Every structure is written in structure tokens, then in C-alpha cells.
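Letter by letter, the chains look like this.
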Amino acid sequence: MSIVAVFKEADTLIFSTDSRAMVLDNSAVASDVEQKIFAIAPNTFFAASGRTGAGECQLERARKIAADLKTTDIQVIAREVARVSIPVLDILLDRLRKETDETSRKVVSGADIIQGFTLVGRSARKLGYVKCLFKAQADGTIKCTTEAYFEAKRKLTAQAGTPIEIFRKIATEFANEPSNWTGPMDRASMRFLEAAKRETHSIGGPWQIVSMDSTGTHLVSMPAWAKYPANSFVVPEGGKSESL
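Counting starts from 1 at the beginning of each chain's written sequence and moves along it residue by residue. Only residues with pLDDT of 70 or above have their local features reported here, since the model is predicted, and side-chain atom pairs are shown and tallied only from 80 upward, although totals for entire chains, interfaces and linings are computed over all residues. With hydrogens and water stripped out, all remaining heavy atoms of the structure feed into the side-chain values.

1. Focus: the overall build of the chain
- In DSSP terms, a helix is any run of H or I states spanning at least four residues, a strand is any run of E spanning at least two, and both are numbered starting from the N terminus. Counting secondary structure elements, the chain contains six helices and 12 strands.
- Each radius of gyration reported is based on C-alpha atoms, and the globular scaling rule is 2.2 Å times the count of residues to the power 0.38. Its C-alpha atoms give the chain a radius of gyration of 17 Å, within 12% of the compact-globule value 18 Å for 244 residues.
- Along the three orthogonal principal directions, the C-alpha set of the chain runs to about 55 × 45 × 35 Å.
- Think of it in three bands: with a 1.4 Å probe and only protein chains considered, a residue is buried below 20% of the maximum accessible area for its type, exposed above 50%, and partly exposed in between. Within the span of the chain, comprising 244 residues, buried residues form 47% of the whole.
- Once local pairs closer than 6 in sequence are excluded, the contacts in the chain between residues at least 24 apart make up 60%.
- In this charge count, Lys and Arg are treated as positive and Asp and Glu as negative; neither His nor the chain ends contribute. Charged groups are reduced to one reference atom each: NZ for lysine, CZ for arginine, CG for aspartic acid, CD for glutamic acid. The chain carries 32 positive and 29 negative side-chain charges, and their two centres are separated by 2 Å. Note on contacts: a residue pair qualifies if any of its non-hydrogen atoms lie within 4.5 Å across the two residues.

2. A look at empty space enclosed by the protein
- Within this scheme a cavity is a closed region of a 1 Å grid, computed over the protein atoms alone, that accommodates a 1.4 Å probe without allowing it to escape, whereas a pocket is open but has protein on both sides within 12 Å along at least five of seven lines; lining residues each have an atom within 4 Å of a point. Grid points are joined across faces, edges and corners, and a volume is the space filled by probe spheres set on the points. Applying the stated rule across the entire model yields one cavity of 30 Å³ or more.
- Each pocket or cavity is described by its volume, and for the largest cavity that value is around 40 Å³.
- Lining the largest cavity are Ala-54, Cys-57, Gln-58, Arg-61, Val-84, Ser-85, Val-88 and Leu-89.
- Contributions of two or more residues to the lining of the largest cavity are made by α1 (52–69) and α2 (74–96).
- Note on residue categories: nonpolar means Ala, Val, Leu, Ile, Met, Phe, Trp, Tyr, Cys or Pro, charged means Asp, Glu, Lys or Arg, and polar means any other residue, Gly included. Of the residues in the lining of the largest cavity, the class split is five nonpolar, two polar and one charged.

3. So, the sheet that holds strand β2 (residues 12–17)
- One open sheet holds the five strands; their spatial order is β10-β1-β2-β11-β12, and the pairing between them is antiparallel. In the strand order of this sheet, the two ends are held by β10 (155–160) and β12 (216–221), each with one partner. Recorded for the sheet is a direction-independent mean angle of 15 degrees between the axes of neighbouring strands.
- The sheet contact formed by strand β11 (residues 208–213) and β12 spans five bridges and is antiparallel. Counted as the bridge partner of Val-210 is Leu-219 from β12.
- The convention used is that axes are lines fitted to C-alpha atoms, helices contributing only their stretch in contact, and that angles between N-to-C directions extend from 0 to 180 degrees. Helix α6 (residues 185–198) contacts β1 (3–9), β2, β10 and β11 of the sheet and is inclined by roughly 160 degrees relative to β1. Here a strand pair is declared whenever DSSP counts at least two bridges between the two strands.

4. Things to note about the pairing of strand β8 (residues 126–136)
- By the criterion of burial, β8 is predominantly enclosed, with eight of the 11 residues buried.
- As defined by bridge partners, strand β7 (residues 115–123) adjoins β8 across nine bridges and the pair is classed as antiparallel. In the sheet register, Thr-118 faces β8, and the bridge partner there is Lys-131.
- Remark: two residues form the turn of the hairpin made by β7 and β8, two consecutive strands paired antiparallel; Ala-124 in that turn has positive phi of roughly 50 degrees.
- As defined by bridge partners, β8 adjoins strand β9 (residues 142–149) across eight bridges and the pair is classed as antiparallel.

5. Concerning the pattern of salt bridges
- Think of a salt bridge as a Lys or Arg side-chain nitrogen and an Asp or Glu carboxyl oxygen that are within 4 Å of each other. With the rule as written, the count across this model stands at 12 salt bridges.
- Here Arg-154 and Glu-9 are joined by a salt bridge, their closest N and O atoms 3.0 Å apart. Pair noted here: Arg-154 is in the loop between β9 and β10 and Glu-9 is in strand β1, with a separation of 145 residues, a long-range link.
- Here Glu-9 falls in the partly exposed class, since its relative accessible area comes to 28%.
- Among the charged side chains, a salt-bridge network with shared partners connects Asp-94, Arg-97 and Lys-98.

In C-alpha cells form, the structure reads like this:
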């Protein structure tokens, strides 16, 4: 797992991740050219954290649900993706029980999440995000915890492969700096991302950043190899969208 972060304030949102993928036991870098932010519908984006195969399955289901239900409501999509994820993650968890590395043991014990995904876009015309995290329980089942936010006050949500003690230190230092809550949100977002990157070997490669506001959806930072469907950036009423 690397990092997935969302900054939200009023009608502005910044969705960010890196481009690094690790081998299964998190001991080595597998790739620094992994696309992690994907369009699943017009002005609606998805990023997973955890195992690549499970994330690909969730991405496929998110796109299918959006198309079948003809919706861009991220709360509806997230609810359905979470529901169909459980059987897939049950299989993954069973596989991880057979592994002996520390990363797998933490997942099996419930100390770390087994998988997570974040959707950004709109619900009931409000801009925001929905984050779903999946954890193993003591009885062997998997529990999904959902966080949704569509309010105006500035808020940060993030999940990362940073060791929890270090991540808490980064988050506390970030929260205690007043400029991160009153200054430009794009600068605050980058300060947080770079702080996490400096402390975490599983965060690397180019940043992938999409911003959304009342004027449209914009690519802030995206590698040339990242691909999007032609209808990913659709002009909202009264606004405009950047071309790709």
C-alpha cells in the first residue's frame, strides 16, 4: 500500500496518489509506473489501496455498476462495490493466511486493512468523497467501514503504507500547522504528500493528482502513460473542463 489522499473544502476537492507498486510482502518496489486514479464515469474517480488484483476487481465493478445503474452518485456506487467486494476479499484473506511474512500477518490479524478504495465525485449534486476500508475480524469475517464527506469545512482523509507511529506524527504535525487549514489547499496537500513520501519506502514515482471544483475537473499532475476514457471530464452545468 502506498498513499491515497483527499482534501475537500467547500466546492473544491483534490484527489491524490503516487505511482508505486510493491511486491506482495512489501519488501521491494515492483513498479513506479502504476496508474492508480481511474475514471469510472464522467467526473467520477476511483483509487484503491492494498492488493493490485483486488483493486482491479473493484475498479471493474465500479465501472459496471455506474454503467448498469446509469449513475454518477458516488454513495450509490460505493455501497454496491463494497457489497460485491466481500466474497473477493474472503478469497484473498484465505490466501494470506497461508503466507508467513509480517505484512500478511498484520492483515490476517486485523492490525492492518486488507483493502481499501476511495471514490470522489458527487452525490445529490454535492462534491465529496466516499472511502471504504476492509479489515479482518477476530471471527474470520471481513468488516467494511465507510467514511463519506460532502460538507464545506476543510477536511483531509488519507490511507497509506506509512508505519502507524510515523503516520500519526506526520498527521499531528500537519494538523498543528495553522497555514494548512487557512492557506491554499493545493500547497497544503503537497506538503502532506511529500512528508509521507519522505518517511515511506512504499510511496514513490510521479504524483497523480486530480482536482475538482465549480469550473470542472482538472488534471493537476498525471504521468503521460495514465489513460482515461474520452468522456471522463464532462462539463458540469455552468462550468468548463480541461481537455486531455
